[in-house]
Amino acid sequence: MEVTEVRLHRVESKGKLRALASITLDGELVIRDLRVVEGEHGLFVTMPSRRVKEGEFQDVAFSLTTALREAIAEAVLNQYFATAETN
């Protein structure tokens with residue numbers, strides 16, 4: 001499976017959220033609401049999630065393989081940095 005498109009919207013906030021993204025996989029499946037977050041060790045990408053009864057968050061879409069998870073994060077962060085260079 002390959003990330004064929006990334007759409008990114010930068011967020012100006014006082015919190016740790018830096019951007020929201022949507023990705024397209026193999027030109028056939030879109031996943032919306034990925035987040036680019038500033039963490040203690042730099043930026044990372046989170047998958048879309050929802051709050052469950054216990055107050056914790058649970059991903060609603062996620063990769064079953066490390067390779068796809070890393071490819072998604074790399075594609076989103078590459079787009080994030082590419083848009084930073086053009087602004």
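Just above sits the structure.
Below is a short write-up of the structure. All values reported here derive from a predicted model rather than from experimental measurement. (Residues numbered from 1 in each chain as written. Predicted model: local features only at pLDDT ≥ 70, side-chain atom pairs only at ≥ 80, totals over all residues. Heavy atoms only, no water.)

**Digging into the side chain of Thr-83**
Alright, step 1. Take Thr-83: it is sitting in helix α1 (residues 66–86).
Alright, step 2. Looking at Thr-83, its side chain comes within polar contact range of the main-chain oxygen of Tyr-80, at 2.8 Å.
Alright, step 3. Leaving out residues up to four positions away in the same chain, Thr-83 has contacts with Leu-8 and Arg-10. (Helix = DSSP H or I, 4+ residues; strand = E, 2+ residues; numbered from the N terminus. Polar contact = N/O pair within 3.5 Å; in protein donor to acceptor, adjacent residues only side chain to side chain. Contact = heavy atoms within 4.5 Å.)

**Some details on the sheet that holds strand β3 (residues 29–39)**
Alright, step 1. Read across the open sheet, the four strands follow the order β1-β2-β3-β4; overall the sheet is antiparallel. Since the sheet does not close on itself, it has two edges, and those belong to β1 (3–10) and β4 (42–46), each with one partner. Geometrically, the sheet is characterised by an average inter-axis angle of 25° between neighbouring strands, direction not taken into account.
Alright, step 2. Summarising the sheet, β1 and strand β2 (residues 17–25) pair through seven bridges and their orientation is antiparallel. If you follow His-9 over to β2, its bridge partner there is Leu-20. (Pairing = 2+ DSSP bridges. Axes fitted to C-alpha atoms, helices over the stretch in contact; angles between N-to-C directions.)

**Examining the pattern of salt bridges**
Alright, step 1. As enumerated under the stated definition, the model contains two salt bridges in all.
Alright, step 2. Measuring nitrogen to oxygen at the nearest pair gives 2.9 Å for the salt bridge that ties Arg-7 to Glu-5.
Alright, step 3. Glu-38 is the partner of Arg-18 in a salt bridge, and the nearest nitrogen-oxygen pair spans 3.9 Å. Within this pair, whereas Arg-18 is found in strand β2, its partner Glu-38 is found in strand β3, the two being separated by 20 residues in sequence.
Alright, step 4. Residue classification places Arg-18 among the partly exposed positions, given a relative accessible area of 23%.
Alright, step 5. When its relative accessible area of 30% is taken as the criterion, Glu-38 is described as partly exposed. (Salt bridge = Lys/Arg side-chain N within 4 Å of Asp/Glu carboxyl O. Buried < 20%, exposed > 50% of the residue type's maximum accessible area, 1.4 Å probe, protein only.)

**Here's the deal with the nonpolar core**
Alright, step 1. By size, the foremost hydrophobic cluster in this structure holds 18 residues, and its most contacted members are Val-3, Ile-23, Ile-31, Leu-34, Ile-72 and Val-76.
Alright, step 2. At the level of secondary structure, the elements contributing two or more residues to this core comprise β1, β2, β3 and α1.
Alright, step 3. Among the elements that take part in this core, α1 stands out by supplying six residues, more than any other.
Alright, step 4. Dropping the residues within four chain positions of it, Val-3 is found in contact with Ile-23, Thr-24, Leu-25, Ala-71, Ile-72 and Ala-75. (Core = buried A, V, L, I, M, F, W, Y, C linked by side-chain atoms within 4.5 Å.)

**Describing the pairing of β2**
Residues in a regular strand point their side chains to alternate faces of the sheet.
Alright, step 1. Here β1 folds back onto β2, and the loop between the two strands holds six residues.
Alright, step 2. The antiparallel pairing of β2 with β3 creates a hairpin that spans three residues between the two strands, and Asp-26 there sits at a positive phi of about 55°.

Everything listed is a geometric property; what it means functionally is a separate question.
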